[in-house]
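Residue-level structure breakdown
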Amino acid sequence: QKEVEQDPGPLSVPEGAIVSLNCTYSNSAFQYFMWYRQYSRKGPELLMYTYSSGNKEDGRFTAQVDKSSKYISLFIRDSQPSDSATYLCAMRVNTGGFKTIFGAGTRLFVKA
Amino acid sequence: GAVVSQHPSRVICKSGTSVKIECRSLDFQATTMFWYRQFPKQSLMLMATSNEGSKATYEQGVEKDKFLINHASLTLSTLTVTSAHPEDSSFYICSAVRKGRTSGSSITDTQYFGPGTRLTVL
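The structure contained in this document is the topic of the report that follows. Keep in mind that what you see is a predicted model, and the values were worked out from it rather than measured.

A short note on the packing of aromatic side chains
- One pass over the structure, following the stated rule, counts 11 aromatic pairs over all chains.
- An angle of 45 degrees between the planes, with centres 5.3 Å apart, marks the rings of Tyr25(A) and Phe33(A) as tilted.
- Tyr25(A) gets classed as buried once you look at its relative accessible area, which sits at 6%.
- Residue classification places Phe33(A) among the buried residues on the basis of a relative accessible area of 2%.
- Ring centres of Phe28(B) and Tyr112(B) lie 6.0 Å apart, and the angle between their planes is 55 degrees; this geometry places the pair in the tilted category. One end of the pair, Phe28(B), is in the loop between β3 (19-25) and β4 (32-38); the other, Tyr112(B), is in strand β10 (residues 110-113), and 84 residues separate them in sequence.
- Just above the ring of Tyr49(A) sits the side chain of Lys56(A); from NZ or CZ to the centre is 3.9 Å.

A word on the sheet that holds strand β7 (residues 61-66) of chain A
Residues and elements named next belong to chain A.
- The 5 strands lie next to each other as β1-β3-β8-β7-β6, forming an open sheet whose pairing is antiparallel. In the strand order of this sheet, the two ends are held by β1 (4-5) and β6 (54-58), each with one partner.
- Summarising the sheet, β6 and β7 pair through 5 bridges and their orientation is antiparallel. Bridge assignment links Asp58 to a residue of β7, and that residue is Phe61.

As for the pattern of salt bridges
All names here are of chain A.
- Evaluated as defined, the whole model comprises 5 salt bridges over all chains.
- One salt bridge in this structure joins Arg37 and Glu45, with 3.2 Å as the shortest N-O distance.
- Since its relative accessible area comes to 13%, Arg37 is described here as buried.
- Exposure remark for Glu45: the relative accessible area of 36% places this residue in the partly exposed category.
- The salt bridge partner of Arg77 is Glu57, with a shortest N-O separation of 3.4 Å. Taken as a pair, Arg77 in the loop between β8 (71-76) and β9 (85-92) and Glu57 in strand β6 lie far apart in primary sequence, 20 residues in all.
- Since its relative accessible area comes to 59%, Glu57 is described here as exposed.

Structural notes on the state of the cysteines
- What the rule picks out here adds up to 2 disulfides over all chains.
- Disulfide pairing is shown between Cys23(A) and Cys89(A); the S-S distance is 2.0 Å. With the S-S dihedral at roughly -100 degrees, the linkage between Cys23(A) and Cys89(A) falls on the left-handed side. With a gap of 66 residues between them, Cys23(A) in strand β3 (residues 19-25) and Cys89(A) in strand β9 connect regions that are remote in the sequence.
- Assessed through its relative accessible area of 0%, Cys89(A) is described here as buried.
- Paired through a disulfide, Cys23(B) and Cys94(B) show a sulfur-sulfur distance of 2.0 Å. Between Cys23(B) and Cys94(B), the disulfide has an S-S torsion of 80 degrees and is therefore right-handed. Here the residue Cys23(B) occupies a position in strand β3, and Cys94(B) occupies one in strand β9 (residues 90-98), the gap between them amounting to 71 residues. Each of the two residues, Cys23(B) as well as Cys94(B), counts as buried.
- Cysteine Cys13(B) remains unbridged, with the sulfur of Cys94(B) as its closest cysteine sulfur at 18 Å.

Observations concerning the sheet that holds β3(B)
Residue and element names in this part refer to chain B.
- Spatial ordering of the open sheet is given by β1-β3-β8-β7, a layout of 4 strands whose pairing is antiparallel. Of all the strands in the sheet, just β1 (4-7) and β7 (67-73) have a single pairing partner and so form its edges. Taken pair by pair, the neighbouring strands of this sheet meet at an average axis angle of 15 degrees, ignoring direction.
- Bridge count between β7 and strand β8 (residues 76-81): 5 bridges; the pairing is antiparallel. Looking at β8, one finds that Ile69 is bridged to Leu79.

The rules behind the values
Along every chain, residues carry numbers that run from 1 in the direction the sequence is written. Working convention: letters from A go to chains and numbers from 1 go to ligands, in the order in which they are written. Where totals are concerned, whole chains, interfaces and linings use all residues; where local detail is concerned, this predicted model gives features only for residues with pLDDT of at least 70, and gives and counts side-chain atom pairs only at 80 or more. As a rule here, side-chain values cover all heavy atoms of the structure and leave hydrogens and water aside. Whether two aromatic rings pair depends on their centres lying within 6.5 Å, for rings of Phe, Tyr and Trp, where Trp uses its six-membered ring; planes under 30 degrees apart make the pair stacked, over 60 edge-to-face, and the rest tilted. The rule is simple: take the accessible area with a 1.4 Å probe, protein chains only, and divide by the maximum for that residue type; under 20% is buried, over 50% is exposed, in between is partly exposed. What counts as a helix is a DSSP run of H or I of at least four residues, what counts as a strand is a run of E of at least two, and both are numbered from the N terminus. In our convention, an over-ring charge means Lys NZ or Arg CZ found within 6 Å of a ring centre and within 35 degrees of that ring's normal. Two strands form a pair only when DSSP identifies at least two bridges running between them. Salt bridge criterion: a side-chain nitrogen from Lys or Arg within 4 Å of a carboxyl oxygen from Asp or Glu. Two cysteine sulfur atoms form a disulfide, by the criterion used here, when they sit within 2.5 Å. To get an axis, a line is fitted to the C-alpha atoms, and for a helix only the part in contact is used. The angle between two axes follows their N-to-C directions and goes from 0 to 180 degrees.

Okay, structure coming up:
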């Protein structure tokens, strides 16, 4: 079993839709959770990070962490064609080792 | 915001040659940098952790004699793929850690990624 599971998609939605991206994980020691956006042939770009459980909102993006279920989500409201990219969840145990584990990434297509 | 650069952005080489990829943190000092490899439609796989002034730490299954890492300064790490073969063709991405301003707290440390280097070995 992988430490982090993420559906690779692709996920295709119409412009303006609410997008829900999810990851599950098995290591209960993970405390630091991140979402990255990666455009084709580019490096990942940090979108949001959350420490421990709870919600965090930034503009059209909302990140949720449910440690009891070992489940994290990223919601994108009013999705735009420019949101079309691969979204990677990532997480790590909050230690000095800083070893980040990534999900496989979900490819998102937002159709105009 | 923090910027991490990589050079070159893409390289095509013949089998058996060596290729060097540079990773620079442009506006912060990074004592730790990471090197990842990403195959098409797959996630990032950590290859090694590069620490300034000391030997790199390699992940299991990564040949340290094939993937030479040098972290000579607080803003530069290099990855050299020695005697490259077609199976080494991949997207190589580095990242650098910027320490948070809160003393003693690793929570605010942030990992920034470079734009990646696409290596094609013929």
